[in-house]
Amino acid sequence: MARLRLMGAEWVGEASNDAECVIIGGGPAGLTAAIYLARFLRACIVIDGGQGRAASIPKSHNLAGFPDGVSGADLLTRMNAQALRHGARIRSGMAEELTREAGGFTVRIGQQLLRTPTVLIATGVVNHRPAMPPAVHDTAISQGLIRYCPVCDGFEARGMRIAVLGCDAHGAGEAEFLCRYGKRITLLAQNTIDLLDDDRSRLKRLGVEIAESPVRALRIDGPHIIAELERGGELRFDTLYPALGTSPRNRLAAAVGAQVAEDGCILTDEHQQTNVPGLFAAGDVVEGLDQISVAMGQAAKAATAIHNMLRERDEALGAAVGGLSAPSTRSEVDAAEGKG
Ligand SMILES: Cc1cc2nc3c(=O)[nH]c(=O)nc-3n(C[C@H](O)[C@H](O)[C@H](O)COP(=O)(O)OP(=O)(O)OC[C@H]3O[C@@H](n4cnc5c(N)ncnc54)[C@H](O)[C@@H]3O)c2cc1C
């Protein structure tokens, strides 16, 4: 059988794969790519560790097509079903290792190795959390007492007493953004107060309060979140936005030489391909506005570029076996199973 390898931008040599694309991460980005690739009749596998950012959304109100809102869990259930219905495979587990080799990549999940000519990294980011017990944190998220995304749900926080945790330029920016919505905005420090004089005077002009003592602990009290201050006293809020930053899950991409920006986000071209041929990235892990609709849009672009890259590979494979255009792996599987 003719075999192909991806060298630079060209297919040469050998190809033998378990999937035409392995998608690492089954959030909105990964599942959108799976839906597209499955509908392009590509054999794709989603590897998903669960517990992504989308899974933690109690109810999203800014996603087009859901006028009454949709929970992250419900959205992911629907997207999983849609991907499976069109023939994608979805596997729970963590992709632990990614290596580059002739013909593409090998992905290790536990003891299993998957070979693939293309990979989409859709692993998202991890929010830096306030110092508090994980169970209390998760309860606060589910009740809207902690929110991570002013762009997403500042609208729902209209008229509230809002705290922003993170007393630096980033926190100051979020506090300023939320002034449009909240009744009263207070900037809290997790550890230290690192505000420039300019930020401080701008916040003062806008009426944002700055708690001059860092927070010692956060707790839930009925419909409120309470900030206990190190120097004594406590403040009561309707909701709190941590502005403590994120860590992009870029380890696997970086391991095969993908370039990342200073903030850790994976750099891609306009088709979502990294500097490593055959390696694509979409969603929060890529630089941009961390939103579901953006993750979906990037994934649609990545999946289409992956499909086009695989079409070139099909042609090269067809030429190598004697001038015929080679069918996709997925078509071959369907035909063998009598579905074609
Ligand atoms: C509380 C909250 C509310 C939000 N509300 C909104 C909203 O209303 N509207 C909106 O547009 N956005 C909202 N967002 C942002 C939104 O959740 C993200 O933009 C979106 O989830 C990004 O999708 P993603 O697929 O890139 O990442 P994620 O949803 O984070 O999914 C990444 C997936 O990759 C998996 N993964 C990571 N590493 C591996 C690995 N090595 N192997 C296998 N799997 C792996 C994770 O387990 C996870 O399932 C909110 C975020 C938070 C935290």
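Residues numbered from 1 in each chain as written. Predicted model: local features only at pLDDT ≥ 70, side-chain atom pairs only at ≥ 80, totals over all residues.

### Description of the overall build of the protein
Then comes step 1: If you tally the helices and strands in the protein, you get nine helices and 19 strands.
Then comes step 2: Counting over 340 residues, the protein shows a buried share of 41%.
Then comes step 3: Of the contacts made within the protein by residues no fewer than 6 positions apart, 60% connect residues no fewer than 24 positions apart. (Helix = DSSP H or I, 4+ residues; strand = E, 2+ residues; numbered from the N terminus. Buried ≥ 20, exposed ≤ 12 C-beta atoms within 10 Å, placed from the backbone. Contact = placed C-beta atoms within 7 Å.)

### Brief notes about the nonpolar core
Then comes step 1: Within the largest apolar cluster, 54 residues are counted, with the highest numbers of intra-cluster contacts made by Ala 33 and Leu 120.
Then comes step 2: Among the elements that make up this core, the one with the highest residue count is helix H8 (residues 292–320) (nine residues).
Then comes step 3: Beyond its immediate sequence surroundings of up to four residues, Ala 33 is in contact with Ile 23, Leu 120, Ala 122, Ala 282, Ala 299, Ala 302 and Ala 303.
Then comes step 4: Listed in part, the 27 residues of the second largest apolar core include Leu 188, Ala 189, Val 208 and Ala 227. (Core = buried A, V, L, I, M, F, W, Y, C linked by C-beta atoms within 7 Å.)

### A closer look at the packing of helix H1 (residues 28–39) against H8
Then comes step 1: Contact geometry for H1 and H8: axes closest at 8 Å, N-to-C directions at 40°. When you trace H1 past H8, the crossing you get is right-handed. Residues Pro 28, Ala 29, Thr 32, Ala 33, Tyr 36 and Leu 37 of H1 pack against Ile 292, Ala 295, Met 296, Gln 298, Ala 299, Ala 300, Ala 302, Ala 303, Thr 304, Ile 306 and His 307 of H8.
Then comes step 2: Its residues assigned to classes, the contact of H1 with H8 shows 13 nonpolar, four polar and no charged. (Axes fitted to C-alpha atoms, helices over the stretch in contact; angles between N-to-C directions. Left-handed = near helix turned anticlockwise from the far one by under 90°. Nonpolar A, V, L, I, M, F, W, Y, C, P; charged D, E, K, R; others polar.)

### Describing the sheet that holds strand S13 (residues 209–210)
Then comes step 1: The strand order across the open sheet formed by four strands is S13-S12-S11-S17, and the pairing between neighbours is parallel. Each end of this open sheet is capped by a strand with a single partner; those strands are S13 and strand S17 (239–242).
Then comes step 2: Relative to strand S12 (residues 184–188), strand S11 (residues 161–165) is paired through five bridges, and the arrangement is parallel. Bridge pairing links Ala 163 to Thr 186 in S12. (Pairing = 2+ DSSP bridges.)

### Looking at the pairing of S12
Then comes step 1: As a crossover connection, the stretch from S11 through helix H5 (residues 169–178) into S12 is right-handed.
Then comes step 2: Sheet topology places S12 next to S13; two bridges connect them, and they run parallel. By the bridge assignment, Leu 187 is partnered in S13 with Ile 210.
Then comes step 3: For the crossover that starts at S12, traverses helix H6 (residues 197–206) and ends in the parallel S13, the hand is right-handed. (Right-handed = clockwise from strand over helix to strand, strands pointing away.)

### Looking at the pairing of strand S4 (residues 44–48)
Then comes step 1: Extensive coverage of S4 is indicated by the burial of five of its five residues.
Then comes step 2: The two faces of S4 match: Cys 44, Val 46 and Asp 48 on one face and Ile 45 and Ile 47 on the other face are all buried.
Then comes step 3: Across four bridges, the pairing between strand S3 (residues 21–24) and S4 is parallel. The residue bridging Ile 24 from the neighbouring strand is Ile 47, located in S4.
Then comes step 4: This β-α-β element, S3 to H1 to S4, shows right-handed connectivity.
Then comes step 5: The sheet contact formed by S4 and strand S5 (residues 89–92) spans four bridges and is parallel. Residue pairing for S5: Asp 48 is matched across the bridge by Ser 92.
Then comes step 6: In terms of handedness, the path from S4 via helix H2 (residues 72–85) over to S5 forms a crossover that is right-handed.

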